Amino acid sequence: MSYQSEYSKSIETPELFWAEKAADLPWFSQPKTILSKDENGIDRWFADGEMNTCYMAVDYHVEQGRGDQAAMLYDSPVTNTKQTITYSELKDQVSRFAGVLQSKGVEKGDRVVIYMPMIPEAVVAMLAVARLGAIHSVVFGGFAPHELAVRIEDAEPKVIVSASCGIEVAKVLPYKPMVDEAIELSSHKPSSVVVFQREQALAELNNARDCDWSAEMAKAPAVAPVPVKGTDPLYILYTSGTTGKPKGVVRDNGGHATALNYSMKAIYNVKAGDVFWAASDVGWVVGHSYIVYGPLLAGCTTIVYEGKPVRTPDAGAFWRVCEEYKAKILFAAPTAFRAIKKEDPEALEVGKYDLSNLQTIFMAGERLDPPTYDWTIEKTGKPVVDHWWQTETGWAICGNLMGVEPMPPKPGSATLPSPGFNVQIVDEAGNELPAGVQGSIAIKLPLPPSCLPTVWGDFERFKSGYLSDVEGFYTSGDGGYKDEDGYVFIMGRTDDVINVAGHRLSTGEMEEIVAAHNAVAECAVIGIQEQLKGQEPIGLVILKDGVDISNEQLEAELVASIRKEIGPIACFKRALIVKRLPKTRSGKILRKLLRQIADGQEYTVPSTIDDPASLPEIEGIMREHGMISG
Ligand code: COA
Ligand code: AMP
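Cut-off values and rules
- Residues numbered from 1 in each chain as written.
- Chains lettered and ligands numbered in written order.
- Predicted model: local features only at pLDDT ≥ 70, side-chain atom pairs only at ≥ 80, totals over all residues.
- Heavy atoms only, no water.
- Disulfide = S-S within 2.5 Å.
- Buried < 20%, exposed > 50% of the residue type's maximum accessible area, 1.4 Å probe, protein only.
- Near = heavy atom within 4 Å.
- Polar contact = N/O pair within 3.5 Å; in protein donor to acceptor, adjacent residues only side chain to side chain.
- Areas by Shrake-Rupley, 256 points an atom, 1.4 Å probe, with all protein chains shown as cover.
- Nonpolar A, V, L, I, M, F, W, Y, C, P; charged D, E, K, R; others polar.
- Phe/Tyr/Trp six-rings, centres within 6.5 Å; stacked < 30°, edge-to-face > 60°.
- Lys NZ or Arg CZ within 6 Å of the ring centre and 35° of its normal.
- 1 Å grid on protein atoms, 1.4 Å probe; cavity = no way out; pocket = protein on both sides within 12 Å on 5 of 7 lines; lining within 4 Å.
- Points joined across faces, edges and corners; volume = space filled by probe spheres on them.
- Helix = DSSP H or I, 4+ residues; strand = E, 2+ residues; numbered from the N terminus.

## What about the state of the cysteines?
Under the defined criterion, the tally for this structure stands at 0 disulfides. Cysteine C54 shares no disulfide, and the gap to the nearest cysteine sulfur, in C300, comes to 17 Å. On the basis of relative accessible area, C54 is assigned to the buried category, the value being 0%. C322 takes part in no disulfide bond, and the closest cysteine sulfur to it belongs to C300, at a distance of 15 Å. C322 gets classed as buried once you look at its relative accessible area, which sits at 3%.

## Some words on the site of ligand 2
Near ligand 2 lie 15 residues; those nearest to it are D386, T391, D478, R493 and R504. Between ligand 2 and N499, the relevant distance is 3.1 Å, taken from an oxygen atom to a side-chain nitrogen or oxygen of the residue. For ligand 2, whose unbound accessible area comes to 490 Å², protein coverage reaches 94%. Split into classes, the residues belonging to the shell around ligand 2 amount to 4 nonpolar, 5 polar and 6 charged.

## A few points about the packing of aromatic side chains
Counting across every chain of the model gives 34 aromatic pairs. Seen in terms of ring centroids, Y466 and Y474 are 5.3 Å apart; in terms of plane orientation they differ by 5°. Their pairing is stacked. Note on Y474: relative accessible area 1%, which makes it buried. An aromatic cluster is present here, built from F17, W18, W27, W45, F46, Y262, W395 and F421 joined pairwise through their rings. The cationic tip of R151 hangs over the ring face of F143; the distance from NZ or CZ to the ring centre is 4.5 Å.

## Remarks on empty space enclosed by the protein
Counted according to the given criterion, the structure contains 3 cavities of 30 Å³ or more. What lines the largest cavity is simply L368, Y373, V384, V385, D386, N400, P409, K410, P411, G412, S413 and T415. For the lining of the largest cavity, the element with the highest residue contribution is strand β20 (residues 384–386), accounting for 3 residues. Per-class residue counts for the lining of the largest cavity are 6 nonpolar, 4 polar and 2 charged. Approximately 50 Å³ is the volume attributed to the second largest cavity. F143, E147, R151, S240, P246, L505, S506, E509, M510 and I566 are the residues that line the second largest cavity. Among the secondary structure elements, those contributing two or more residues to the lining of the second largest cavity are α6 (145–155), β28 (503–506) and α15 (507–515). For the lining of the second largest cavity, the per-class residue count stands at 5 nonpolar, 2 polar and 3 charged.

## What about the layout of surface pockets?
There is about 340 Å³ of room inside the second largest pocket. Along the wall of the second largest pocket there are 19 residues; nearest its centre are D24, N261, Y262, K265 and A298. A total of 4 residues in the lining of the second largest pocket trace back to one element, the largest contributor, which is helix α3 (residues 53–66). Taken together, the residues of the lining of the second largest pocket sort by class into 11 nonpolar, 2 polar and 6 charged.

Right, here's the structure in full:
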């Protein structure tokens, strides 16, 4: 099978193509309606199919005789723990935890928020929610109580599942007080909080709604999978948009299972029994798709790694895990490899481990810069695949189909569109641009299975944010171009979303927090290039008249409030007091221009600028403070 014939079939006869892929899965009742419109006029996949994602990912493999195969390998250098969980054991734990949730009143369609570190119980909780036909919403542990509260408020969960603590290298971070604070902040109150106690910091169960994971499990009955429709939601995953309010990306059951199962073979070239390692976190989409659902749907063994690429204990951590578990695939963000490269530039650690089982290294989450790409290939001798995707799609929009026909890679490119994604580069009026010309990256409708059908509770936001720019297209929010061979080059976001260490964050949200400081009259938060983490946010601030505060003090206070409101992962470390900000005559701050200045890029002064003299002035201040790269 060639890439071209696979891709053409998916675009020319999408229903035929995806019906075939869906038939690879064990539905309770195979879908007959492949593509239809919902009440909002949105394309939906497999509306009349009956299924259960947890059954497909767990029970089915036990029925197929893979019960004794490892489903999950837990490796935690931060607690010195290793654990193997077979498919049979996973089925037992998941069906009993579904019993726990059921005893707390969780039914089909109810929401459950999961706020947990990288431990097997996080995966068990996700699958148990899916087993009941309920909807999980996992919140990344690096988010502060306020962010958790915003998600609780929006998703209105019946139950929150958490752990007593997370562990960041050597720091033990108690989670339960953060859960309590978030519930306090939210007007919606869950009726139960289930806490998995970890010995590194036991949580106080001090509220009538609190209960202990292990005690509940000991008395819980095993619950069978509840059938759902293909279009019923499996989860909500909040992601940063351009405002302070995160968007609840909704994922359905049928399209998601079909696309992920297909991707395991087509993109990653793995089969049942292979070991797959996505070194991410279950709080991100990569974790949802390729720590949990993709590998388990395909009957692989997934690795749950509670550690970092460096410091746990050293820059050999990734290679050690690959050797020890015979991982066939390693998938991580470029920033992780930059961190390894920084500590071990000659890759002496690589030589200490046997990587003969490792087939391919995949990277995503942010732009893969050619030096990191070249270094990884040179030092490991393995093919490296850059693939581009978003929380909204749940799987790669562009990549290299290693299981169909590997195409010659081009550094800096995420290769070619995945089947089902009709990717086009368009200008502001929606006209397709010729090869080599940069524009906005749009995907022609219908989107393939797994892509979001709405934003939770806010269809208008989905429509205005993604479907309104160009009639008949989904707007990705990324800019880039295609070359003569159709290879896609992703050049970065066209909005106020930034990527810090592979974490998607909103500068708009940070701006709201900076603006709330009582010394601040006006401000802009922009993402600037940073060597290790790709981008970092910086704040440019105009003080209110008459305010007397040093740059140092203001910076410290702003750093503290962003850590408190968003969390440490925002990596907001620098703020600068300026006299003016470049604006258009209508008063809009020229953020793109500020980014270009900070990144040392050439820029043209727009004709709409109100005060051109503000540019050299701000450039001077930024240079003085070492905020200009290039
Ligand atoms: N829970 C609580 N806090 C967390 C956290 C979590 N799950 N993850 C990160 N943090 C905290 C860190 O402890 C740090 O806090 P500090 O400022 O108090 O030190 C802060 O958030 C920033 O963390 P991070 O960006 O991870 O920086 P780092 O210096 O600890 O590590 C890397 C740098 C490159 C090793 C790390 O960012 C990394 O592994 N990145 C890959 C990310 C990834 O896999 N993304 C998923 C997309 S595929
Ligand atoms: P997230 O939704 O957190 O996965 O972030 C999605 C965003 O990350 C995309 O819109 C891109 O801006 C960026 N991104 C993800 N993968 C890549 C990639 N391979 N190359 C360039 N940018 C990427």
